[in-house]
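So the chains spell out like this:
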Amino acid sequence: PEGVEWSFVLDRSHGVTTELWQLQRGLLEVAIARMAAEDRFTVLACDTDCDVLEGGLREARNLQGVEAFLNAQILSGASDLSEMLHDGREALSKSR
């Protein structure tokens, strides 16, 4: 069966508290852990701009580099939800 391609977009804007950031990270970890073996994913951290996890789409449960990517994020900047969603979709398109 063909897997699902996931683009996880986390909000890193200045309005996000440390607790909310940790909650987003926890939800991401659970979502990745529950992916089917044939699924693939990428992660974005966004405010008005987005940083994309390097390496394109990853196989399910491949968390290599994800923690370092998230640890490097600075919670600041404004939110731009429409741009976040656009960039998330674009990240999937570029990886095909």
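For the structure, check the block above.
Because the structure is predicted, anything quoted here is derived from the model rather than measured.

**Student:** Give a detailed account of the packing of aromatic side chains, specifying residues and quantitative values.
**Tutor:** In this description, a pair of aromatic rings is defined by centroid distance and the angle of the planes. Within the structure shown, the criterion is met by 2 aromatic pairs. On the numbers, 5.9 Å between centres and 5° between planes, the contact of Trp6 with Phe8 is stacked. Residue classification places Trp6 among the partly exposed positions, given a relative accessible area of 37%. For Phe8, a relative accessible area of 15% translates into the label buried. Taken together through their ring pairs, the aromatic side chains of Trp6, Phe8 and Phe41 make up a single cluster.

**Student:** For the environment of Ser7, give the residues involved together with the corresponding values.
**Tutor:** Inspection of the secondary structure assignment puts Ser7 in strand E1 (residues 5–11). Taking the relative accessible area as the measure of exposure, Ser7 reaches 21% and is therefore partly exposed. Along the chain, Ser7 and Val52 lie 45 residues apart, while their C-alpha atoms are 9.8 Å from each other. Ignoring sequence-local partners within four residues, the contact set of Ser7 consists of Thr42, Leu44, Gly88, Ala91 and Leu92. Among the polar contacts listed, one links the side chain of Ser7 to the backbone oxygen of Gly88, at a separation of 2.9 Å.

Calculation rules
- Residues numbered from 1 in each chain as written.
- Predicted model: local features only at pLDDT ≥ 70, side-chain atom pairs only at ≥ 80, totals over all residues.
- Heavy atoms only, no water.
- Phe/Tyr/Trp six-rings, centres within 6.5 Å; stacked < 30°, edge-to-face > 60°.
- Buried < 20%, exposed > 50% of the residue type's maximum accessible area, 1.4 Å probe, protein only.
- Helix = DSSP H or I, 4+ residues; strand = E, 2+ residues; numbered from the N terminus.
- Contact = heavy atoms within 4.5 Å.
- Polar contact = N/O pair within 3.5 Å; in protein donor to acceptor, adjacent residues only side chain to side chain.

So far we have only geometry, and geometry alone does not tell us how the molecule works.
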